[in-house]
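Structural overview
Each chain is listed here by its residues.
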Amino acid sequence: RFQMNHVIDSLDLVKSNLRYYNGYKHGHYIIWQGVSFPDGMIVLEGPEPGHFTDTMVWRDCILQEQLEIEMVLRENNNQPRLKLYADKIYNNSVLLTAAWSRRHGELAAWMVVENGIMSKIRVAVEWTI
């Protein structure tokens, strides 16, 4: 009986390890996703298991709902909607503007310029967290 409990405990440990293992980075991770706003406010979403991708964390996060409520309030006060700038792996939405990607062919010159401008801002924001 002791051996069976030991086997079950070992299987639980393996499942737990797999939950946090990231095959892309080849290690165990806990994922946090952060957004930094110009007024200095930082919102962190997580922790999530290491096998989650950035888009999986975004898809399941509460921040989307909170931002949508804020954007409706801005519209009601005749203020423009704001969007977050995201990596190429994200999809564009009413809350996100993703970087232009070469997935569907070469980029126009203005797309390259826009990616360059936004990349400088995004890196600066990334280092504030």
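Only a predicted model underlies this, so the values are computations on that prediction, with no experimental measurement involved.

The rules behind the values
- Residues numbered from 1 in each chain as written.
- Predicted model: local features only at pLDDT ≥ 70, side-chain atom pairs only at ≥ 80, totals over all residues.
- Heavy atoms only, no water.
- Helix = DSSP H or I, 4+ residues; strand = E, 2+ residues; numbered from the N terminus.
- Buried < 20%, exposed > 50% of the residue type's maximum accessible area, 1.4 Å probe, protein only.
- Contact = heavy atoms within 4.5 Å.
- Areas by Shrake-Rupley, 256 points an atom, 1.4 Å probe, with all protein chains shown as cover.
- pLDDT = per-residue confidence, 0-100.
- Salt bridge = Lys/Arg side-chain N within 4 Å of Asp/Glu carboxyl O.
- Phe/Tyr/Trp six-rings, centres within 6.5 Å; stacked < 30°, edge-to-face > 60°.

Description of the overall build of the chain
Tallying secondary structure elements over the chain gives four helices and six strands in all. Written out in order from the N terminus, the α and β elements of the chain read α-β-β-β-β-α-α-β-β-α. Across the 129 residues that make up the chain, the buried fraction comes to 23%. Taking the intrachain contacts of the chain between residues at least 6 apart in sequence as the baseline, contacts between residues at least 24 apart amount to 34%. Total accessible area on the chain stands at roughly 9900 Å², and carbon and sulfur atoms take up 60% of it.

Digging into unusual backbone geometry
Along the chain, glycine 46 connects to proline 47 via a cis peptide bond; the corresponding omega equals 0°. Considering the arrangement of structural elements, one finds proline 47 in strand β4 (residues 42-49).

Focus on the confidence of the model for the chain
Summing up the model confidence of the chain, the mean pLDDT is 76 and the portion of residues at 70 or higher is 80%. In this model, residues 4-8 is a region of pLDDT below 50 whose contacts with residues beyond four sequence positions or in other chains number zero contacts. Predicted confidence for residues 124-129 stays below pLDDT 50, and this span has seven contacts to residues more than four positions away or in other chains.

A few points about the pattern of salt bridges
Summed over the entire model, instances satisfying the criterion amount to four salt bridges. With its nearest N and O atoms 3.0 Å apart, the salt bridge here joins aspartate 60 to arginine 59. Of the charged contacts in the structure, one is a salt bridge between arginine 81 and glutamate 68, with a shortest N-O distance of 2.9 Å. Taken as a pair, arginine 81 in the loop between α3 (63-76) and β5 (84-86) and glutamate 68 in helix α3 lie far apart in primary sequence, 13 residues in all. Residue glutamate 68 is classed as partly exposed on the basis of its relative accessible area of 27%. If you follow the salt bridges from partner to partner, you end up with Glu68, Glu75 and Arg81 in one network.

Observations regarding the packing of aromatic side chains
The final tally for this structure, using the stated rule, is one aromatic pair. Both rings, one in tryptophan 100 and one in tryptophan 110, keep their centres 5.3 Å apart while their planes meet at 80°; by these two values the pair is edge-to-face. In this pair, tryptophan 100 is assigned in the loop between β6 (96-98) and α4 (109-127) and tryptophan 110 in helix α4, connecting sequence segments ten residues apart. Judged by relative accessible area, tryptophan 100 falls into the partly exposed class, the value being 29%.

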